[in-house]
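Survey of secondary and tertiary structure
Chain by chain, the residues run as shown.
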Amino acid sequence: MRHRTDSGLKSLWISSAVFFTVCVIYYMMSVSKTDGHYVYPIDDAYTHLAMAKNFALYEMWGVTRYEFSSTSSSPLFTGFLSFLIKIFGNNDQIPLYVNLIFGAGTVYILNLYFSRIFESPGSVVLSVLFTLFISVLHLQVLSGMEHVLHVFLLALNIFCLTRPEDKRAVSGFYLSLLLMGMVRFESMFYFAVLAFVFVLLKQWKKAASVLLTGFIPIAAFCCINYQQDGYLFPNSVMVKGTKLAFDGHFPQQLKQIFLDNFLLNTSFYKIGFFPVLICLVLIFRAIKGKNFQRVVQDHFLLIVISLVMICHSMFADLKGLFRYEAYLLTGFSMVIIPEVKGCLEDPGSYLKKEKVLSVFILMNVVLMFYKFFSAHRMLSEGGKNIYEQQIQSAKFLHTYYNESKVVANDIGAVTYFTDIHLLDTAGLASVETIPFNENKRKPDAEFEYFLTRYTADRNYDIAVIYDAWLQPYIPKNWKKAAVLKIKNPVTVSRDEVSIYSINHTSGHELQENIRKFKWNRNVQVTLMDEL
């Protein structure tokens, strides 16, 4: 036992040292390009911060302090940030500190889990590092988003589920379920599939317990949300999620779900295809000579994670800084590695014996390196992108239009660093624009008419938008004052942001303010000749 404990500590220290060294290197690389202050490589992190700030300081659940907006797709994470801001003050580095803590917790859980499977510290370290880097957890840590907490809770849940004899593990299993849904709403797929597989095993009480534990917090939040804005889920879920309605568009919706989102989705083949193939091979091999329930029981988690992957692909999202699938790839690693442990313990013999599985495993390793190098580009340039585009725009607004009425379509930094009144054309912060963005709806003449009338009737001052998100339906009563352009866009949607004067009000003053503002040297500012 003493030897096992020493080996576990050794593998924990090695895994932690490698992982956090990678994090520190990318942190320093980013800070060197953002004037010494760490900037998150994705604007969404500042959306969480804006809501947390407003809830902590003004008791308003919204990206602005003036009205409710269900913008956060992670109520628990945003609420936790708000609690910390209330205690320690408004500091934009708080999400980074939180992620470092939960990142360390994830390494610890994974080390415990794999130490029960392998005797060799080397095999444990390789398993832990593969899991961390296939899910690109270093990117998640430095992105300042909720995905590290989501990964931690899933890892804890699976670890506890595999230790049914331990009463503390049973409590950990249900506690992690209770929290997961409020961290990411995609957890609903996990709850539903977990309960479904328990039903296949005729474990009715466990199935009911999983559903109640997972869905009660979500149901409570949905009730509160519906009372406030008329929607059950946060705006981002309403806008980005796949909506299934039994109307005239039903055939098109089925095509989107099964073809566009799943079978023809290249992201699925980069992320979930080979893990699912490994699971299928392992399951089908066990079918011969066993009854159905025995196969399900012996391969419980393989079935669960594979089905969750398929559901996630069809009804959620599999793109964007590799963050949405991080929890799934962590789950796949935790359930597949114990089944193919011989690949780490004796790779030569395993390769000769398991040629098909070895090819699939190799493809996952290749994809791990692909994702690592893609993450390298995001981490090395992402903070710089956000600093030069979103934060520069926010500083400009704070200087000249801090409490003005502003139209925007990338809303994180411009709401966190200012006190503007906001209309979000993408629908994440404004329920008025959700109908024009649901089910990946494209801009049209109806949306242009709405924006024209809405911004005129309510006396909006300026717009700071990506033209491409509204083209060719930008309202005619908006007059372009300037274009801000950056180089090498990686984590921003476009390289150009346009600033518009709305209703021709103070157009020349707007241009003069743009001219006077001290923009970052890497931002190319072009003023329009006619306004």
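Residues numbered from 1 in each chain as written. Predicted model: local features only at pLDDT ≥ 70, side-chain atom pairs only at ≥ 80, totals over all residues. Heavy atoms only, no water.

So, the packing of helix H4 (residues 94-115) against helix H17 (residues 326-336)
Contact geometry of H4 with H17 gives a least axis separation of 11 Å together with a crossing angle of 20°. When the axis of H4 is compared with that of H17, the two are roughly parallel. Crossing of H4 over H17 shows right-handed handedness. Contacts between H4 and H17 involve Leu110, Tyr113 and Phe114 from the former and Thr330, Ser333, Met334 and Val335 from the latter. For the contact of H4 with H17, a count of residues per class yields five nonpolar, two polar and no charged. (Axes fitted to C-alpha atoms, helices over the stretch in contact; angles between N-to-C directions. Helix = DSSP H or I, 4+ residues; strand = E, 2+ residues; numbered from the N terminus. Parallel < 35°, antiparallel > 145°, perpendicular 65-115°, else oblique. Left-handed = near helix turned anticlockwise from the far one by under 90°. Contact = heavy atoms within 4.5 Å. Nonpolar A, V, L, I, M, F, W, Y, C, P; charged D, E, K, R; others polar.)

Observations regarding the sheet that holds strand S5 (residues 496-502)
Read across the open sheet, the six strands follow the order S2-S1-S3-S5-S4-S6; overall the sheet is mixed. The open sheet has two edge strands with one neighbour each: strand S2 (421-424) and strand S6 (524-527). In this sheet, neighbouring strand axes are inclined to one another by 25° on average, regardless of whether the strands run parallel or antiparallel. Sheet topology places strand S1 (residues 405-408) next to strand S3 (residues 462-465); three bridges connect them, and they run parallel. Looking at S3, one finds that valine 407 is bridged to alanine 463. Docked against the sheet, helix H22 (residues 445-457) engages S1, S2, strand S4 (478-485) and S5, running at close to 170° with respect to S2. Each of S3, S4, S5 and S6 touches helix H23 (residues 507-516); the most contacted strand, S5, lies at about 145° to it. (Pairing = 2+ DSSP bridges.)

As for the packing of aromatic side chains
Each aromatic ring pair is described using two quantities: the centre-to-centre distance and the angle formed by the ring planes. Summed over all chains, the structure comprises 37 aromatic pairs. Taking 5.1 Å as the distance between ring centres and 20° as the angle between the ring planes, the aromatic pair formed by tyrosine 27 and tyrosine 38 counts as stacked. Highlighted residues: tyrosine 27 in helix H1 (residues 2-31) and tyrosine 38 in the loop between H1 and helix H2 (44-58), separated in sequence by eleven residues. Judged by its relative accessible area of 28%, tyrosine 27 falls in the partly exposed class. Here phenylalanine 396 and tryptophan 519 contribute two aromatic rings whose centre-to-centre distance is 5.3 Å and whose plane-to-plane angle is 25°, an arrangement assigned as stacked. With phenylalanine 396 in helix H20 (residues 355-400) and tryptophan 519 in the loop between H23 and S6, this residue pair connects regions lying 123 residues apart in the sequence. Here the two residues phenylalanine 396 and tryptophan 519 agree in accessibility, since each one is buried. Above the plane of the ring of tyrosine 460 lies lysine 405, whose end atom (NZ or CZ) is 5.9 Å from the centre. Just above the ring of tyrosine 454 sits the side chain of arginine 458; from NZ or CZ to the centre is 3.9 Å. (Phe/Tyr/Trp six-rings, centres within 6.5 Å; stacked < 30°, edge-to-face > 60°. Buried < 20%, exposed > 50% of the residue type's maximum accessible area, 1.4 Å probe, protein only. Lys NZ or Arg CZ within 6 Å of the ring centre and 35° of its normal.)

Things to note about a nonpolar patch on the surface
On the surface, Phe258, Leu259, Leu263, Leu264 and Tyr269 cluster together into a nonpolar patch covering about 460 Å² of accessible area. Note on leucine 264: relative accessible area 59%, which makes it exposed. (Patch = residues over 30% accessible without salt bridge, like charges linked within 9 Å, V, L, I, M, F, W, Y side chains within 5 Å. Areas by Shrake-Rupley, 256 points an atom, 1.4 Å probe, with all protein chains shown as cover. Salt bridge = Lys/Arg side-chain N within 4 Å of Asp/Glu carboxyl O.)

Scope: geometric values only; no functional claims are made or implied.
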